Amino acid sequence: MGRIAEYLGDLIRKQVKESGIVIWYDPEQKYTQAVDKIQIGAQVFKFKGSFFGLKYELDRFLEEPERPKILIYVPKERNEIDNALIEFEKAGCILEPGHSSPNQNTRLEVVARAVLKPIMPDAVEEICKQISSGSLSFEDVEDIA
């Protein structure tokens, strides 16, 4: 596991510990391949085309007396799903690109900047520009880190 995945794992583990339920929206699908590789210490559920199917898998967690430890990965924009997961959002927390909290912002440029600034401060802004333009993927940034 690379530095970017480690950073994301730390970020997600912290949110799972605090909130129990974490919904990770990834509309740009930057992390589709990485979500399986990131070690988070929680069950991972992925949206696979049906919110009814996903909610069927998840509803039991809302009824448990103990706080669950789950990550719900949704490769869609939060505002395009018509509040399909609103009860999980209210019971937990949200990770998404551009979130106002740095602890919940998963925009790849933000994550890369946090990881790369201490190890390659002179190159970080150029790398972030390349990420923004679509020239670098998650895997590319992992290789750089």
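For the structure, check the block above.
What comes next is a walk through the structure. Since we're looking at a predicted model, the values are computed, not measured.

A closer look at helix H5 (residues 124-132)
If you check which residues of H5 are buried, you get Val124, Ile127, Cys128 and Ile131. Looking straight down H5, one finds that the buried residues subtend no more than 100 degrees of arc, so they occupy a single side. Summarising the contacts, the buried residues of H5 are in contact with helix H4 (108-116) and helix H6 (138-144). At the C-terminal side of H5, Gly134 shows a positive phi close to 90 degrees.

Things to note about the pattern of salt bridges
Applying the stated rule across the entire model yields 8 salt bridges. Among the ionic pairs, Lys46 bridges to Asp36, the shortest N-O distance being 2.7 Å. Linking Lys46 in strand E2 (residues 43-46) with Asp36 in the loop between strand E1 (21-25) and E2, this pair joins segments that are 10 residues apart in sequence. Between Glu125 and Arg113 there is a salt bridge whose closest N-O contact spans 3.0 Å.

Thresholds, definitions, all that
Residues numbered from 1 in each chain as written. Predicted model: local features only at pLDDT ≥ 70, side-chain atom pairs only at ≥ 80, totals over all residues. Heavy atoms only, no water. Buried < 20%, exposed > 50% of the residue type's maximum accessible area, 1.4 Å probe, protein only. Helix = DSSP H or I, 4+ residues; strand = E, 2+ residues; numbered from the N terminus. Arc of directions from axis to C-beta. Contact = heavy atoms within 4.5 Å. Salt bridge = Lys/Arg side-chain N within 4 Å of Asp/Glu carboxyl O.

That is the geometry; function is a separate question.
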